[in-house]
Amino acid sequence: MNSRILLSSPHMGENERKYVKKAFDDNWIAPLGENVDKFEESIAEYVGAEGGAAALSSGTAAIHLALKMLNVGRDDIVFAPTFTFIASVNPILYQGAKPVFIDSEPDTWNMSPRALKRALVDAERNNQLPKAIIVVNLYGQMAKYDEIIALTSKYNIPIIEDAAESLGSTYKGKQSGNFGNIGIFSFNGNKIITTSGGGALVSSDQSFVKKSRFLATQARDEAPYYQHSEIGYNYRLSNISAGIGRGQMEVLPDRVEKRRTIFERYKNEFSAMPSIEMMPEVAEMMPNRWLSTLTFNDITNINEVVDVISKFNEKNIETRALWKPLHLQPLFIDTPVYFHEETSSVAEKLFNSGLCLPSGSNMSDVQQEYVINVFKNIVS
Ligand SMILES: *Cc1c(COP(=O)(O)O)cnc(C)c1O
């Protein structure tokens, strides 16, 4: 292979260019405009978010505004998974609030209801119940919402669904983005669809969506001059980026299909290899398989994973380690964490044995075959 095979690169459809060109022709480059409105409508419709969608500059901005909507402020506690990208939790720190980390469970790799339960019991006892809980659907796999919501509803704790990686996934037939009080998406360059950079906030509660748009445009009051009563942000998406997003929403179902097919092919090809386990499949969940991920039964140390990654690199293939758990990050050295089993962490085990394979919907059959052959050579 001459050109490098990437983990997940942008995959444009037919109409992105048309919508961007229209914005150019109308000289409607910025700030908001038709593309933003239509992009928001298409997201809300696809997801089935009754309160609508707010198009924003990033998924991180969407999480920040979601926390603002739920009144998370200084010294409040927010529960979040330890096994996720740092962007899921950085906004907790922007608000001066404090994360408490919850481990993963083995079936979905997402938030462990068992660990969550222990954390809630402790929090209630110490009078430190969380103001909100962030639940993440990693690599497009849904979390166990029935069990999680059964626990949080007892205390009336609102949920933010970080669906940055799970646009197009469903659980019991319902689209990802609808399982919390607020859902967020990312359109960063390597996600299942992209606007080159961007995000969205969705909710069944229209007031959250409207308020988010307001805060995202410097919290400008309705007045014939510039007047402000609250702290605002510059978090809106440009009309150019939204033009790309409109075209990408049209091809999203195809992108989901393609990524799922890629996962299935890896799974079939590796099924005879006893040391390989693909990310689990769970009844009633339809993951978008944003990234095809797996674990090696015979690897228990991240340094061995790094060796595998460099072997792929030599063959011009980009692979990646799974997320390094946040409770192991220097930034969070003093942050409490609740493990799935009291003394051992599922997230640590996954990090020390897992790998992400090239999964882009624009990967050709020949490229995937090449990855599979290299994989078999490296692993055997
Ligand atoms: C990508 C990602 C984000 C952040 O989205 P950006 O658009 O890059 O700010 C948040 N959470 C998860 C799980 C992500 O993968």
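What counts, and where the lines are drawn
- Residues numbered from 1 in each chain as written.
- Predicted model: local features only at pLDDT ≥ 70, side-chain atom pairs only at ≥ 80, totals over all residues.
- Heavy atoms only, no water.
- Near = heavy atom within 4 Å.
- Polar contact = N/O pair within 3.5 Å; in protein donor to acceptor, adjacent residues only side chain to side chain.
- Areas by Shrake-Rupley, 256 points an atom, 1.4 Å probe, with all protein chains shown as cover.
- Helix = DSSP H or I, 4+ residues; strand = E, 2+ residues; numbered from the N terminus.
- Expected span 1.5 Å × (residues − 1).
- Bend = angle between axes of the 7 residues up to and from the residue.
- Axes fitted to C-alpha atoms, helices over the stretch in contact; angles between N-to-C directions.
- Parallel < 35°, antiparallel > 145°, perpendicular 65-115°, else oblique.
- Left-handed = near helix turned anticlockwise from the far one by under 90°.
- Contact = heavy atoms within 4.5 Å.
- Nonpolar A, V, L, I, M, F, W, Y, C, P; charged D, E, K, R; others polar.
- Salt bridge = Lys/Arg side-chain N within 4 Å of Asp/Glu carboxyl O.
- Buried < 20%, exposed > 50% of the residue type's maximum accessible area, 1.4 Å probe, protein only.
- Arc of directions from axis to C-beta.
- Core = buried A, V, L, I, M, F, W, Y, C linked by side-chain atoms within 4.5 Å.
- Domains from an automatic or database assignment.
- Pairing = 2+ DSSP bridges.
- Buried area = accessible area lost by both parts, 1.4 Å probe.

A. Broad picture of the site of the ligand. Around the ligand, 15 residues are found, and the nearest of them are G59, T60, E165, S186 and K191. Side-chain polar atom of T60 to an oxygen atom of the ligand: 2.5 Å apart, as the coordinates give it. A distance of 2.8 Å is found between a nitrogen atom of the ligand and a side-chain nitrogen or oxygen belonging to D162. When isolated, the ligand has an accessible area of 380 Å², and the protein chains bury 94% of it.

B. Layout of helix 8 (residues 239–270). Under the 1.5 Å per step criterion, the end-to-end length of helix 8 is 44 Å for 32 residues, consistent within 8% with the ideal 46 Å. At V251, helix 8 shows its maximal bend, which comes to roughly 55°, and the proline P253 appears one to four places after that position.

C. Structural context of the packing of helix 2 (residues 34–47) against helix 8. In the contact formed by helix 2 and helix 8, the axes pass within 7 Å of each other and the chain directions differ by 25°. It follows that helix 2 is roughly parallel to helix 8 by the angle criterion. Where helix 2 crosses over helix 8, the handedness of that crossing is left-handed. On helix 8, the residues that touch E34, N35, V36, K38, F39, S42, I43 and Y46 of helix 2 are N239, A242, G243, G245, R246, M249, L252, P253 and V256. When the residues that make up the contact of helix 2 with helix 8 are grouped by side-chain class, the tally is nine nonpolar, five polar and three charged.

D. Focus on the pattern of salt bridges. For the coordinates displayed, the defined rule picks out 19 salt bridges. Among the ionic pairs, R118 bridges to E342, the shortest N-O distance being 3.9 Å. Here R118 is found in helix 5 (residues 113–125), whereas its partner E342 is found in the loop between strand 13 (337–338) and helix 10 (346–351), with 224 residues between them in sequence. You can call R118 partly exposed: its relative accessible area is 23%. Under the relative-accessibility criterion, E342 is labelled exposed at 64%. With a shortest N-O distance of 3.7 Å, R265 and E369 are connected by a salt bridge. Highlighted residues: R265 in helix 8 and E369 in helix 11 (residues 365–379), separated in sequence by 104 residues. Using a relative accessible area of 23% as the deciding quantity, one classes R265 as partly exposed. Through salt bridges with shared partners, a single network forms among K22, D26 and E34.

E. Summary view of helix 9 (residues 302–314). Across its 13 residues, helix 9 extends 19 Å between first and last C-alpha, which sits within 8% of the 18 Å expected from 1.5 Å per residue. Listing the buried residues of helix 9 in full gives I302, V305, V308, I309 and F312. Angular distribution of buried residues about the axis of helix 9 spans 110°; they occupy a single face of the element. Relative to its buried face, helix 9 has exposed residues pointing more than 90 degrees away, namely N303 and E314. In this fold, the buried residues of helix 9 make contact with strand 12 (292–296), helix 10, strand 14 (354–357) and helix 11.

F. Inspection of the nonpolar core at higher detail. Of all hydrophobic cores here, the largest spans 94 residues; its most connected members are I43 and F270. Sort the elements by how many residues they give to this core and helix 8 lands first, with eight residues. When residues of this core are assigned to domains, at least three fall in each of domain 1 (14–249) and domain 2 (253–379). For F270, the contacting residues outside a window of four places in its chain are I276, M278, L294, L357, I372 and F375.

G. A look at the sheet that holds strand 12. Taken in spatial order, the three strands line up as 10-12-14 in an open sheet, and their pairing is antiparallel. Since the sheet does not close on itself, it has two edges, and those belong to strand 10 (276–278) and strand 14, each with one partner. Each strand of the sheet is rotated relative to its neighbour by a mean of 30°, with strand direction disregarded. Note: strand 10 against strand 12, three bridges, orientation antiparallel. What sits directly across from M278, in strand 12, is L294.

H. Geometry of the domain arrangement of the chain. Assigned domains within the chain: domain 1 (14–249) and domain 2 (253–379). Computed over C-alpha atoms, the centres of domain 1 and domain 2 are 25 Å apart. Contact with domain 1, which involves 47 residues of that partner, is made by 41 residues of domain 2. Between domain 1 and domain 2, a total of about 4,000 Å² is buried, with carbon and sulfur atoms accounting for 64% of that surface. Our count for the domain 1 to domain 2 interface comes out at two salt bridges. Our enumeration of links across domain 1 and domain 2 arrives at 23 residue pairs in polar contact (both at pLDDT 80 or more). Mapped onto the side of domain 1 that touches domain 2, the elements with two or more residues apiece are helix 4 (90–94), strand 3 (98–102), helix 5 and strand 6 (170–171).

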